[in-house]
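Listed below are the residues making up each chain.
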Amino acid sequence: MMAYTAIILMAMNFMLAGNYILFVLFAGICIKNKRFRANWKFLILLAFSATYILADTLSSSSTPAVVWFLPIAYIVGYNWEMKGSDDYRTILGLIFCIALGMCFHVFLNMCYELLQNRGFNYGAIHYDFWSKKVSAATGQMSNFAISASLIPFILLRRKKYLLSLILITPCILYGTIVGSRTSVFLVALSLAIGLSVFAFSSKRKSARIALLAMIAIISLFILLIESNTFGLSEMINNSYLLRRLSSESYVEQDFFSSERWNIRRTYLQNALVWPWGGGKLRDLASGLYAHDIFLDTLNTGGIFALCFLLIYSISLVRNALFFTRRGDSFDRRVLVVPYLSVILTEMLMEPIIEGAPVFLICVVIIDAAMTRANEMGTPNENSISVKLF
């Protein structure tokens, strides 16, 4: 129970001590077991961190703390205590604790803004609850991504999980107000993937009822907006999101001519010229991030860090898909497939390492726990045990 409480506090970056709480979890595992287990993916992350830090140090830059903590996050997830042979419930509990912890951080930001401004600030300037510093829409809503992936599971499983919508629903509205295009897209993507999983997997009457409930909730939300109930229509019309979408002029422009694609094109065109990192690609793009974890890694950590990240990412996808196939379980698929789709999309749409460190730490913890669950009981288990004392 204490471990789950700690993981919730870490996920919400409680009092800006998220990394310290992660280290306490790691120390607790070492003290309790007098050893820790690891596998080859830990070594890949260790190599990624080392090459990234080296390239960043040689360019006289300050390495984001998250890079130092990724191997520790993997050890915490890989050594997470499984409840007997029921690894699914352990992974489910871990994902929900992490998602709701991160989502509660968003909720605190929303409440802080309401109290400070006596309403919402329809613009780009918003504040983080813990640091009281300005935080962009990216920083605000990256903490919502994993919660967004759980919406189909919550609606299809219902029961006690529906209570979490009390926390998630206001955060969706807040994401719209602060202008987070990514978070709104992730909610839509999660629902679409969840419905697709349902259509291809479920034969149960209860799931069909849940599908109708999902459609009814979406329809009700649209009706509330149309009727301006609770001032929803006014909030959305005045929202920074609507202005951002309008300014992009998506209808008139080719998809690949939008600002972010132009930045990515600049990164790609100069990748062979500056393959060793150090921030040169970003300098050529007027100091702008690529909003893509792989291109941003190439920019800062160089080609070697990028290779290690690609290896780890491929393993993450393979590992999550393998977890869904362990047992003929509709619940596993509706939990993991939207989750995997959402986190990969988030990684390809935002500057994750510098803009969403808590998100990346949590993804690594979940992947490590899934990896351990997949390996348990297999004859070719390839983990090693490091004895400390």
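Here, the structure is the one placed above.
Figured I'd write up the structure that's included with this text.

The next point concerns the packing of aromatic side chains. Enumeration over the complete set of coordinates arrives at 14 aromatic pairs. Relative to Y52, the ring of F48 has its centre 5.6 Å away and its plane inclined at 50 degrees; by these criteria the two rings are tilted. With F48 and Y52 both in helix α3 (residues 40-58) and four residues apart, this pair spans about one turn of that helix. The two residues F48 and Y52 agree in class, both being buried. Of the aromatic side chains, those joined through ring pairs into one cluster are F14, Y112, F129 and W130.

Okay, the nonpolar core next. I98, I146 and F359 are the most contacted members of the largest nonpolar core, which totals 100 residues. I263, Y267, L281 and L298 belong to the second-largest nonpolar core, a separate cluster that totals nine residues.

With that settled, consider a nonpolar patch on the surface. A surface patch of nonpolar side chains, amounting to about 290 Å² of accessible area, comprises V273, W274 and L284. Secondary-structure assignment places V273 in the loop between α13 (259-269) and α14 (280-284). Assessed through its relative accessible area of 52%, V273 is described here as exposed.

With that out of the way, let us pick up the environment of R282. Topologically, R282 is positioned in helix α14. Exposure remark for R282: the relative accessible area of 23% places this residue in the partly exposed category. C-alpha separation for the pair R282 and T266, spaced 16 residues apart in sequence, amounts to 8.8 Å. Residue contacts for R282: discarding those within four places in its chain leaves Y267, G287, L288, Y289, N299 and E354.

About the criteria used
Position numbers for residues start from 1 in each chain and track the written sequence from start to end. Where totals are concerned, whole chains, interfaces and linings use all residues; where local detail is concerned, this predicted model gives features only for residues with pLDDT of at least 70, and gives and counts side-chain atom pairs only at 80 or more. Only hydrogens and water are set aside when side-chain values are computed; all heavy atoms of the structure are taken into account. Only centres within 6.5 Å qualify two rings of Phe, Tyr or Trp (six-membered ring in Trp) as a pair; their planes then separate them into stacked at under 30 degrees, edge-to-face at over 60, and tilted for everything else. For the purposes of this entry, the term helix denotes a DSSP run of H or I that reaches at least four residues, the term strand denotes a run of E that reaches at least two, and both are numbered from the N terminus. The buried label goes to any residue with under 20% of its type's maximum accessible area, the exposed label to any with over 50%, and the partly exposed label to all in between, with areas taken from a 1.4 Å probe on protein chains only. Each nonpolar core is a collection of buried residues, namely Ala, Val, Leu, Ile, Met, Phe, Trp, Tyr and Cys, held together in the definition by side-chain atoms within 4.5 Å. Patch membership requires more than 30% relative accessible area and the absence of a salt bridge. Residues of like charge join within 9 Å; the nonpolar side chains Val, Leu, Ile, Met, Phe, Trp and Tyr join within 5 Å. Using a 1.4 Å probe, the Shrake-Rupley method yields the accessible areas, and only the shown protein chains count as cover for residues. Any Lys or Arg side-chain nitrogen found within 4 Å of a carboxyl oxygen on Asp or Glu counts as a salt bridge. What makes two residues a contact is simply this: any of their non-hydrogen atoms within 4.5 Å.

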